[in-house]
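# An overview of the molecular structure
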Amino acid sequence: MKTLILLALAGLGAQLVDGSLGMAYGVTSTTLLLAFGTNPAAASATVHLAEIGTTLASGVAHWRFGNVDWRVVGRIGIPGAVGAFAGATVLSSLSTDVAKPVMALILLGLGLYVLGRFTFLGLPAGNLGKPLRRRFLSPLGVVAGFLDATGGGGWGPVGTPAILASGRLEPRKVIGSIDTSEFLVAVAASLGFLLGLGSEGVDYTWAGALLVGGLIAAPIAAWLVRHVPPRILGSAVGGLIVLTNIRTLLRSDWVGAGDTAQWAVYGVVYAAWAGALAYAFREHRRTLAAADGAADRTEGTAGARTADAAPTAEGPAGVGTAGERTPDAAPTA
């Protein structure tokens with residue numbers, strides 16, 4: 001029961017992050033299942049099974065809040081489903097001893113990407129209004145879908161920053177569209193695992209616990225997407241993913257590090273993570289201060305213009321009302 005409660009809370013937290021950032025549900029949940037000792041293919045299969053429900057709920061919530069661009073959903077979601085099915089088939093064919101460190105490496109890379117992206121760049125905004133073309137979205141969908149199935153997550157960490165970096169779609173619609181299209185990816189990956197693994201190793205109770213937490217969080221996350229500081233949240237989640245998967249690698253047969261070496265690495269990671277969070281928080285405050293200063297300058301300029309315009313309405317000395325300017329007023333004008 002404690003495990004199920006922990007999984008439900010993890011599903012809730014992961015969906016809050018995913019619905020607010022457009023990424024990290026699969027990466028976070030799969031990392032937790034691997035920490036419990038689940039075999040990599042079964043962990044990814046369990047998470048994708050839960051994601052069928054969470055992504056559907058998240059998509060509906062984002063749609064109701066106007067966060068979805070359906071053209072983007074179709075152009076990236078269908079190729080993503082193809083990539084996810086292929087990735088599930090590949091992962092199902094790997095032995096557990098090989099798959100676990102391979103998945104940890106993929107997750108570590110994704111975690112470093114999320115940490116660096118949000119710590120140093122935040123959520124970029126660029127050329128809004130330009131169309132996102134199929135020749136960009138289709139390959140992106142295939143790659144993101146493949147990584148999502150083989151790594152137990154990756155759809156959001158690959159797809160969301162790539163579309164955000166293009167600057168052609170406002171952030172809330174990027175996040176809503178990626179979350180909605182992930183439903184197709186989850187269905188395709190689940191079918192791939194079903195054909196490759198059958199029901200072997202998939203814990204439906206655990207999938208149900210993750211699903212319950214995700215369903216509770218989905219509508220909250222769709223609302224929070226406009227209010228949560230994504231820079232700080234992204235740094236926090238990225239650091240957690242990095243730390244957990246470094247732990248998996250250090251304890252694997254590939255590395256086999258001793259306790260002293262492990263704790264030395266953990267110390268470096270904790271220090272870097274704390275520094276990243278502090279930097280993200282400082283930059284977030286600086287961005288808010290700059291935005292407030294720009295707003296104050298705009299209001300001040302508008303007020304000055306109003307004040308300058310006020311005397312001319314009644315007319316200064318030597319000047320009548322509009323259309324009644326006296327000859328003496330011409331030089332002063």
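Shown above is the structure to which this text applies.
Residues numbered from 1 in each chain as written. Predicted model: local features only at pLDDT ≥ 70, side-chain atom pairs only at ≥ 80, totals over all residues. Heavy atoms only, no water.

Our focus in this paragraph is the overall build of the protein chain. Looking only at helices and strands, the protein chain features 12 helices and zero strands. Going through the 333 residues of the protein chain one by one, you find that 45% of them count as buried. Surface summary for the protein chain: the accessible area is close to 15,800 Å², and the carbon and sulfur share equals 66%. (Helix = DSSP H or I, 4+ residues; strand = E, 2+ residues; numbered from the N terminus. Buried < 20%, exposed > 50% of the residue type's maximum accessible area, 1.4 Å probe, protein only. Areas by Shrake-Rupley, 256 points an atom, 1.4 Å probe, with all protein chains shown as cover.)

A few words now on the nonpolar core. Of all hydrophobic cores here, the largest spans 38 residues; its most connected members are Val72, Ile76, Ile163 and Phe193. Listed by contribution, the elements that provide at least two residues to this core are α2 (25-35), α3 (40-64), α4 (70-93), α5 (96-120), α6 (134-151), α7 (155-166), α8 (171-197) and α9 (204-224). For this core, the element with the highest residue contribution is α8, accounting for seven residues. Counting residues in hydrophobic clusters, the runner-up holds 10 residues, among them Leu108, Leu250, Tyr266 and Trp273. (Core = buried A, V, L, I, M, F, W, Y, C linked by side-chain atoms within 4.5 Å.)

The next subject is the packing of aromatic side chains. What characterises a pair of aromatic rings is the spacing of the ring centres plus the angle enclosed by the ring planes. Counting across every chain of the model gives two aromatic pairs. Centre to centre, the rings of Phe120 and Tyr279 are 5.4 Å apart; their planes meet at 50°, and the pair counts as tilted. On the criterion of sequence distance, the pair formed by Phe120 in helix α5 and Tyr279 in helix α11 (residues 259-314) is long-range, its members being 159 residues apart. On the basis of relative accessibility, which here comes to 54%, the residue Phe120 falls in the exposed class. Summarising the aromatic geometry, the rings of Trp263 and Tyr266 are spaced 5.3 Å apart at their centres and angled 90° between planes, so their arrangement reads as edge-to-face. In this pair, Trp263 and Tyr266 are both assigned in helix α11, three residues apart and thus about one turn of the helix distant. (Phe/Tyr/Trp six-rings, centres within 6.5 Å; stacked < 30°, edge-to-face > 60°.)

Take a nonpolar patch on the surface next. On the surface, Leu56, Val60, Trp63 and Trp70 cluster together into a nonpolar patch covering about 440 Å² of accessible area. A total of three residues in the nonpolar patch trace back to one element, the largest contributor, which is α3. In this structure, Trp70 sits in helix α4. (Patch = residues over 30% accessible without salt bridge, like charges linked within 9 Å, V, L, I, M, F, W, Y side chains within 5 Å. Salt bridge = Lys/Arg side-chain N within 4 Å of Asp/Glu carboxyl O.)

Our next topic: α2. Burial of α2 is extensive: eight of the 11 residues sit out of reach of the surface. If you check which residues of α2 are buried, you get Tyr25, Gly26, Val27, Ser29, Thr30, Thr31, Leu33 and Leu34. Positive backbone phi, approximately 95°, marks Gly37, located one or two places after α2.

This part covers the pattern of salt bridges. The tally for this structure, following the rule as stated, stands at three salt bridges. Across the salt bridge formed by Arg282 and Glu283, the nearest N and O atoms sit 3.8 Å from each other. Residue class for Arg282 comes out partly exposed when judged on its relative accessible area of 45%. Accessibility expressed as a relative area gives 12% for Glu283, which makes it buried. Residues Glu283 and Arg286 are paired through a salt bridge, measuring 3.3 Å at the closest nitrogen-oxygen approach. Of the two residues, Glu283 and Arg286 are both situated in helix α11; the distance of three residues between them amounts to about one turn of the helix.

So, about α6. The first and last C-alpha atoms of α6 sit 25 Å apart over 18 residues, in line with the 26 Å expected at 1.5 Å per residue. Within the span of α6, buried status applies to Leu137, Ser138, Leu140, Gly141, Ala144, Gly145, Asp148, Ala149, Thr150 and Gly151. (Expected span 1.5 Å × (residues − 1).)

With that out of the way, let us pick up the packing of α3 against α4. Relative to each other, α3 and α4 sit at 170°, their axes nearing to 12 Å. In terms of axis orientation, α3 runs roughly antiparallel to α4. Counting all contacts with α3, which are made through Pro40, Ala41, Ser44 and Trp63, the residues of α4 involved are Trp70, Leu91 and Ser92. Split by residue class, the contact of α3 with α4 holds five nonpolar, two polar and no charged. (Axes fitted to C-alpha atoms, helices over the stretch in contact; angles between N-to-C directions. Parallel < 35°, antiparallel > 145°, perpendicular 65-115°, else oblique. Contact = heavy atoms within 4.5 Å. Nonpolar A, V, L, I, M, F, W, Y, C, P; charged D, E, K, R; others polar.)

Inspection of the secondary structure puts Ser177 in helix α8. In this structure Ser177 comes out as buried when scored by relative accessible area, which is 1%. One polar contact links the side chain of Ser177 to the main-chain carbonyl oxygen of Lys173, over a distance of 2.7 Å. Discounting chain neighbours no more than four positions away, the residues touching Ser177 are Asn67, Val68, Asp69, Val72, Val73 and Leu169. (Polar contact = N/O pair within 3.5 Å; in protein donor to acceptor, adjacent residues only side chain to side chain.)

Checked against the element boundaries, Ala42 lands in helix α3. On the basis of relative accessible area, Ala42 is assigned to the buried category, the value being 2%. Spatially, the C-alpha atoms of Ala42 and Leu91 are 9.7 Å apart, while their sequence positions differ by 49 residues.

As a further point, take the side chain of Ser190. Positionally, Ser190 belongs in helix α8. We classify Ser190 as buried; its relative accessible area is 12%. Aside from chain neighbours lying at most four places away, what touches Ser190 is His48, Leu49 and Ile52.

Attention now goes to the environment of Thr119. In this fold, Thr119 is placed in helix α5. A C-alpha to C-alpha distance of 9.3 Å links Thr119 and Leu233, two positions 114 residues apart in sequence. Contacts of Thr119, omitting those with residues within four sequence positions, involve Arg231, Ser235, Ala276, Tyr279 and Ala280. Side-chain polar atoms of Thr119 contact the backbone oxygen of Leu115, separated by 2.6 Å. Among the polar contacts made by the side chain of Thr119, one reaches the side chain of Ser235 at a distance of 2.7 Å.

Everything listed is a geometric property; what it means functionally is a separate question.
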